[in-house]
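Tertiary structure, described
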Amino acid sequence: MQKKALVVIDIQNDMTKNYKEVIGTINQSIDWAVEQDLHVVYIRHENLSARTRTFKTGTRGAELAPDLKSFPKISSRNTRGML
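No experiment lies behind these values; they were computed from the predicted model shown. (Residues numbered from 1 in each chain as written. Predicted model: local features only at pLDDT ≥ 70, side-chain atom pairs only at ≥ 80, totals over all residues. Heavy atoms only, no water.)

**Things to note about the side chain of Asn 27**
In this structure, Asn 27 sits in helix 1 (residues 23-35). Dropping the residues within four chain positions of it, Asn 27 is found in contact with Asp 67, Leu 68 and Lys 69. (Helix = DSSP H or I, 4+ residues; strand = E, 2+ residues; numbered from the N terminus. Contact = heavy atoms within 4.5 Å.)

The following block contains the structure:
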């Protein structure tokens, strides 16, 4: 059983205004993990508060950054209320 994974957290449009400075390194890390046959886990933050302006569900700001490497085998799971 594999017990290792690369976890990519909050590389989203609202979080990463200057992500272009680090996206190459993140994508290299993703390539390395795939070459090592490790799982790559993407975590997105979504804000459910009615008064928020950022990370609103269904908005561009809550989406993963467009330059972030991803793969067809991505599954999404709602973890609302889970910690």
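**Examining a nonpolar patch on the surface**
Nonpolar side chains collect at one region of the surface, where Val 7, Ile 9, Val 41 and Ile 43 lie side by side and expose about 300 Å² of accessible area between them. Elements with a minimum of two residues in the nonpolar patch: strand 1 (5-9) and strand 2 (39-43). Inspection of the secondary structure puts Val 7 in strand 1. (Patch = residues over 30% accessible without salt bridge, like charges linked within 9 Å, V, L, I, M, F, W, Y side chains within 5 Å. Areas by Shrake-Rupley, 256 points an atom, 1.4 Å probe, with all protein chains shown as cover. Salt bridge = Lys/Arg side-chain N within 4 Å of Asp/Glu carboxyl O.)

**A few points about unusual backbone geometry**
In this structure, Asp 37 takes a positive phi of about 60° despite not being glycine. Note on placement: Asp 37 falls in the loop between helix 1 and strand 2. Positioned with a positive phi, Phe 55 is a non-glycine residue whose angle comes to about 60°.

**What to know about the environment of Gln 28**
Relative to the assigned elements, Gln 28 resides in helix 1. Taking the relative accessible area as the measure of exposure, Gln 28 reaches 57% and is therefore exposed. A C-alpha to C-alpha distance of 9.0 Å links Gln 28 and Lys 69, two positions 41 residues apart in sequence. (Buried < 20%, exposed > 50% of the residue type's maximum accessible area, 1.4 Å probe, protein only.)

**Describing the pattern of salt bridges**
Proximity of charged atoms lets side chains of opposite charge pair with each other. Taken as a whole and judged by the stated rule, the model has two salt bridges. Put simply, Lys 69 and Asp 31 hold a salt bridge, and the shortest N to O gap is 2.7 Å. You can see Lys 69 sitting in the segment after strand 2 and its partner Asp 31 sitting in helix 1, a full 38 residues away along the chain. Given the relative accessible area of 31%, Lys 69 is considered partly exposed. Classification of Asp 31 by relative accessible area gives partly exposed; the value is 26%. Its salt-bridge partner being Arg 44, residue Glu 46 comes within 2.7 Å of it at the nearest N-O pair.

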